[in-house]
Amino acid sequence: MKSDNMSNLIKNGAIWGFIVLELIFFQIAGEFWSLSERAFMDLDNMLLLLKQSAPIGIIAVGMTVIMINGNIDLSVGAIYALCAIVMLDSMSWPFMESLGDWAIPLAWLFALLTGAVLGLINGIIVWKTGVDAFIVTLGSMLGYRGLVFMYNGENPTYHLNWTMVDIAEWDIFGVETPALVFLVVALIVWFVMTRTVHGRNAYAVGNNREAAVNAAIRVGPHMLINFVLIGFLAALSAVTFYSGSGSVNPNDGMLFELWAITAVVLGGTKLIGGAGSIVGTFGGVIAIQLLRKGLGHIGADTATVNLVIGLILIAVLFLDRQLNVKGKEELKV
Amino acid sequence: MTEKTPVLRLEGIVKTFPGVRALDGVSLTLLPGEVHALMGENGAGKSTLMKVLGGIYQPDEGQIIVDEQPVVMSGPLEAKAKGIVFIHQELSLATELSVAENIYLGELPRKRFGLVDWAQLEANTNKILKKLNVGFNAKTRVGSLSIANQQMVEIARALTVDAKAVIFDEPTASLTDAEKVVLFEVIADLQSQGVGIAYISHRMEEIFKITDRISVLRDGQYQGTVNTAETDEEGVTQMMIGRKLDLSRNESHHELGEVAIEVRGLSCGNLYEDVSFEVRRGEVVGFYGLVGAGRTEIAETLFGLRNPSAGTILMDGEEVTIQSPADAIARGISLVPEDRKGQGLVLGMNCRDNMTLPQVGDLTAGPFVSDGAEVAIFDQYRDKLDIRTPGWRQTVGNLSGGNQQKIVIGKWLSMHPNVLIVDEPTRGIDVGSKSEIHNLIRELAAQGYAVIVVSSEMPEVLHVSDRIVAMYMGRIIRTFTSEEVTEDNLIQAISGIGGGKAA
């Protein structure tokens, strides 16, 4: 039992150890290679990092729940873009314009509703057809992205409202709105996953679906709720980001699903479901953002950043596998 | 019998699947405070009946009556709400969750806002665990428990609700004798509270120890109900299979050949230590011991699934290292694994493909797999082993346990092994097919195979073995010949009492 706790500690702590390692590395490497005068581990820099990790972070929180369930959602990037368009475009509808600044909360509401409904559609299809979530959301990813392009062709959709920008850049103690939303969302979902019946059932469903069915957990509706949740969170992510930027390209949010999944997996959630944590995902999101920022800090270009992140992901999963092997006498598979 | 109201009554249940009449007018009455055994060969319709009762299947005809009220079961939720609890044979647990969460899965105690009431959950669970007298607590992660303890968690579920009827489906399949005693106490306790208990098992000694009445199914048909006190094993067996069962000790010995495999001082961590034995061609050596005695682990080591930490393996007098199953197969060692469905078969594949799986790489015509050669192999072993299947296209998952086991054995025989290791060859197999498998094992030895049988069932090892190796806590306590072995000295050896000299 003791060694069990020990290896759990290593596994859960690994991502934080990795983050510390990154910090030290970039701090030192920055001294030699960085073009900027500022140190890497600087409070403003770290706050900026938190803000920049928010869009993917908020989605990754939802993805954690979906993946603990044993599902996956590939359509989040498309939902993100579509909700952004709904939000920005709705601001220029005649009746909305007549509302003045009161149009802002309404536009947010439209976007969040859109996200929830798109998630609901995914959830209903997964529940009622029994088709694997991977396939269903692969389809809806293409479908939703199609809707994005139908809306405004290849052209960007934009609407700049300074009140909205102010809200998006509002801060307490330097923590700006997007970072704040990310933290609050992570906190709430963490609470749901560890303390509520719905959260605990999510683990049971992913871990042993048959057991969950036998225990009279209604698996279909349960999954439906989680798909609505991730749709809503993808919309929330779009709301926090585009309130500040005011302009959305039809290609925005592409590959977001993969970044979110990467962060979730780095954070220790199993691809087959049943295990994982929001805290781990939070660590995973931060680790990726640190890596991007840090490599940028020492002058690497985006292509190099992606290559390194890819290699590290594989290395981490390999390490995880090694940690799970209990010894030489273990049964070989 | 008539003065009590039955807690549960099934009347004329009919359930058909395409091509099969799985249940044909089955009726069953479960009285409060009785333990009612449900017996039948695999494929007799027991599990189908349970699924109908649990609302997973809807019956085509007939009625389910709970407390004299006809009901329609729409699913496990409704069955539970009506006080009918199932203890599943195949563990139905979420291994990443705690014991408490598993026991109360689907009905975690709640506070406001859907929050889990952890204090209540833990208190309730510990109360139940105390009754079960187990060595773990509410917070233990289920995945870290042994299979036997996991089974106890499954059993603990029956104690969470005010059950009217509890259905145990082979609850003792992986329990040790000490744990069985606890289980039987739990059953007696439930019984005294007036709960009706349906008990499905293949183990006769348990049935006769704890049940009041026995109902028998054969081929989906109800064969009748008898009072346990008024019948005996032979009578029940006859009802189940329509013929008698042979429980004698193995008397015949075949011509023994050379030593096929010898093991000297083999150890594997703390799983087993200093194990030495030899098996000759034409000989069946039985490994008997409690769950966790290290028998399966030895088999797995010989098959290259585990690396030994010390000791040597000799085949035909030559020292060999077996690093992987591929090595083992190349040297003529075959393992029929304990978990037939999980480790021995690809359930979704057809009979032929399962049988030729290890050698399909060699059965080629040009770049393609040769259908003809595969079918030829399948036909040969189907006839040899008397595998009853409509044809090679049949999906293995649809066969009965006995026939599935024969497919696995056929698969390895077709590789022409020298040493055949069979781990729990008749687990979950009905009585009729059991003796067929036993005869098959004897026959194989007669043909010159060296056979190792790992088993937890005493009648089985007694029946098939020329010699019996008794193991206790990872050590060989004693090796018996079939002449000197008795039930008593064998039990003593595997419990670590006396036994004395190691052979």
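Residues numbered from 1 in each chain as written. Chains lettered and ligands numbered in written order. Predicted model: local features only at pLDDT ≥ 70, side-chain atom pairs only at ≥ 80, totals over all residues. Heavy atoms only, no water.

1. Observations concerning the overall build of chain B
Step number 1: Scanning chain B for helices and strands turns up 17 helices and 22 strands.
Step number 2: Radius of gyration (C-alpha) of chain B: 24 Å, near the 23 Å computed for a compact globule of 503 residues.
Step number 3: Its C-alpha atoms give chain B principal-axis dimensions of about 70 × 50 × 50 Å.
Step number 4: Buried positions account for 54% of the 503 residues belonging to chain B.
Step number 5: Nonlocal contacts in chain B, meaning residues at least 24 apart in sequence, comprise 65% of its contacts between residues at least 6 apart.
Step number 6: As displayed, chain B offers around 20,800 Å² of accessible surface, 48% of which is attributable to carbon and sulfur atoms.
Step number 7: Side-chain charges in chain B split into 48 positive and 68 negative, and the spacing between the mean points of these groups amounts to 4 Å. (Helix = DSSP H or I, 4+ residues; strand = E, 2+ residues; numbered from the N terminus. Rg over C-alpha atoms; globule rule 2.2 N^0.38 Å. Buried < 20%, exposed > 50% of the residue type's maximum accessible area, 1.4 Å probe, protein only. Contact = heavy atoms within 4.5 Å. Areas by Shrake-Rupley, 256 points an atom, 1.4 Å probe, with all protein chains shown as cover. Lys, Arg positive; Asp, Glu negative; His and termini not counted. Charge placed at Lys NZ, Arg CZ, Asp CG, Glu CD.)

2. Section: the overall build of chain A
Step number 1: When you go through chain A residue by residue, the secondary structure sums to 14 helices and four strands.
Step number 2: Summarising its shape, the C-alpha atoms of chain A cover approximately 70 × 60 × 35 Å along the three principal directions.
Step number 3: Looking at chain A residue by residue over its 333 residues, the buried ones come to 51%.
Step number 4: In chain A, 78% of the contacts between residues at least 6 apart in sequence involve partners at least 24 apart.
Step number 5: For chain A, the computed accessible surface area is about 15,800 Å², with 69% contributed by carbon and sulfur atoms.
Step number 6: Taken as two groups, the 17 positive and 23 negative side-chain charges of chain A have centres that lie 16 Å from each other.

3. Some thoughts on unusual backbone geometry
Residue and element names in this part refer to chain B.
Step number 1: Positive phi is not limited to glycine here, since E68 has a value of about 65°.
Step number 2: Within the element layout of this structure, E68 appears in the loop between β4 (61–66) and β5 (69–71).
Step number 3: Unusually for a residue other than glycine, H416 sits at a positive phi of about 50°.
Step number 4: Tracing the backbone through its elements, the reader meets H416 in the loop between α14 (401–413) and β19 (419–423).

4. Quick word on empty space enclosed by the protein
Residues and elements named next belong to chain A.
Step number 1: A complete count under the given rule lists five cavities of 30 Å³ or more for this structure.
Step number 2: Taken together, S53, I56, W259, A263, V285, I288, Q289 and R292 make up the lining of the second largest cavity.
Step number 3: Those elements that place two or more of their residues in the lining of the second largest cavity are α2 (43–68), α12 (256–266) and α13 (278–297).
Step number 4: When residues in the lining of the second largest cavity are grouped by element, the largest group, four residues, is from α13. (1 Å grid on protein atoms, 1.4 Å probe; cavity = no way out; pocket = protein on both sides within 12 Å on 5 of 7 lines; lining within 4 Å. Points joined across faces, edges and corners; volume = space filled by probe spheres on them.)

5. Notes on the domain arrangement of chain B
Step number 1: Domains assigned within chain B are domain 1 (8–241), domain 2 (246–332 + 417–503) and domain 3 (343–416).
Step number 2: The C-alpha-based centres of domain 1 of chain B and domain 3 of chain B are spaced at 34 Å. (Domains from an automatic or database assignment.)

6. Focus on the sheet that holds strand β14 (residues 310–315) of chain B
Residue and element names in this part refer to chain B.
Step number 1: Pairing is antiparallel across the open sheet formed by four strands, whose spatial order is β12-β11-β14-β15. Every interior strand has two partners, whereas the edge strands, β12 (272–280) and β15 (318–320), have only one. Each adjacent strand pair in this sheet contributes to an overall mean axis angle of 20°, direction not counted.
Step number 2: Examined bridge by bridge, β14 and β15 share three bridges and lie antiparallel to one another. Across the sheet, the residue bridging to M315 is E318, located in β15. (Pairing = 2+ DSSP bridges. Axes fitted to C-alpha atoms, helices over the stretch in contact; angles between N-to-C directions.)

7. With respect to the interface of chain A and chain B
Step number 1: With 29 residues of chain A at the contact, the number on the chain B side is 35 residues.
Step number 2: Here chain A packs against chain B, burying approximately 2,600 Å² in sum over the two surfaces, 57% of which is carbon and sulfur.
Step number 3: Applying the counting criterion to the chain A and chain B interface returns two salt bridges.
Step number 4: In this structure, E96 of chain B engages K270 of chain A in a salt bridge whose closest nitrogen and oxygen atoms are separated by 2.9 Å.
Step number 5: Scanning the region where chain A abuts chain B turns up six residue pairs in polar contact (both at pLDDT 80 or more). (Buried area = accessible area lost by both parts, 1.4 Å probe. Salt bridge = Lys/Arg side-chain N within 4 Å of Asp/Glu carboxyl O. Polar contact = N/O pair within 3.5 Å; in protein donor to acceptor, adjacent residues only side chain to side chain.)

8. A closer look at the sheet that holds β19 of chain B
Residues and elements named next belong to chain B.
Step number 1: Strands sit in the order β16-β19-β20-β13-β21-β22 across an open sheet of six strands; the sheet is mixed. With one partner strand each, in any of the chains shown, β16 (333–336) and β22 (475–481) form the two edges of the open sheet. On average, adjacent strands in this sheet sit at an angle of 20° to one another, irrespective of strand direction.
Step number 2: As judged from the five bridges shared by strand β13 (residues 284–289) and strand β21 (residues 467–472), these two strands associate in the parallel manner. Paired with G286 across the strands is I468, a residue of β21.

9. Looking at the pattern of salt bridges
All names here are of chain B.
Step number 1: Throughout the structure, instances matching the rule amount to 28 salt bridges over all chains.
Step number 2: The partner of K139 in a salt bridge is E122, and the shortest N-O contact between them spans 3.7 Å. Here the residue K139 occupies a position in the loop between α4 (118–132) and α5 (147–156), and E122 occupies one in helix α4, the gap between them amounting to 17 residues.
Step number 3: Salt bridges here are not isolated pairs; linked through shared partners, they connect R352, D353, D371 and E374.

10. Describing a nonpolar patch on the surface
Step number 1: Taken together, the side chains of V20, I24, F25, I28, F32 and W33 of chain A present a nonpolar region at the surface, about 680 Å² in accessible area.
Step number 2: With respect to the helices and strands, the residue I28 of chain A is situated in helix α1 (residues 2–33). (Patch = residues over 30% accessible without salt bridge, like charges linked within 9 Å, V, L, I, M, F, W, Y side chains within 5 Å.)

11. Section: the environment of G244 of chain A
Residues and elements named next belong to chain A.
Step number 1: Structurally, the position occupied by G244 is in helix α11 (residues 219–245).
Step number 2: C-alpha of G244 to C-alpha of M164: the two residues are 80 residues apart in sequence and 6.8 Å apart in space.
Step number 3: Excluding residues within four positions of it along the chain, G244 makes contact with V165 and A168.

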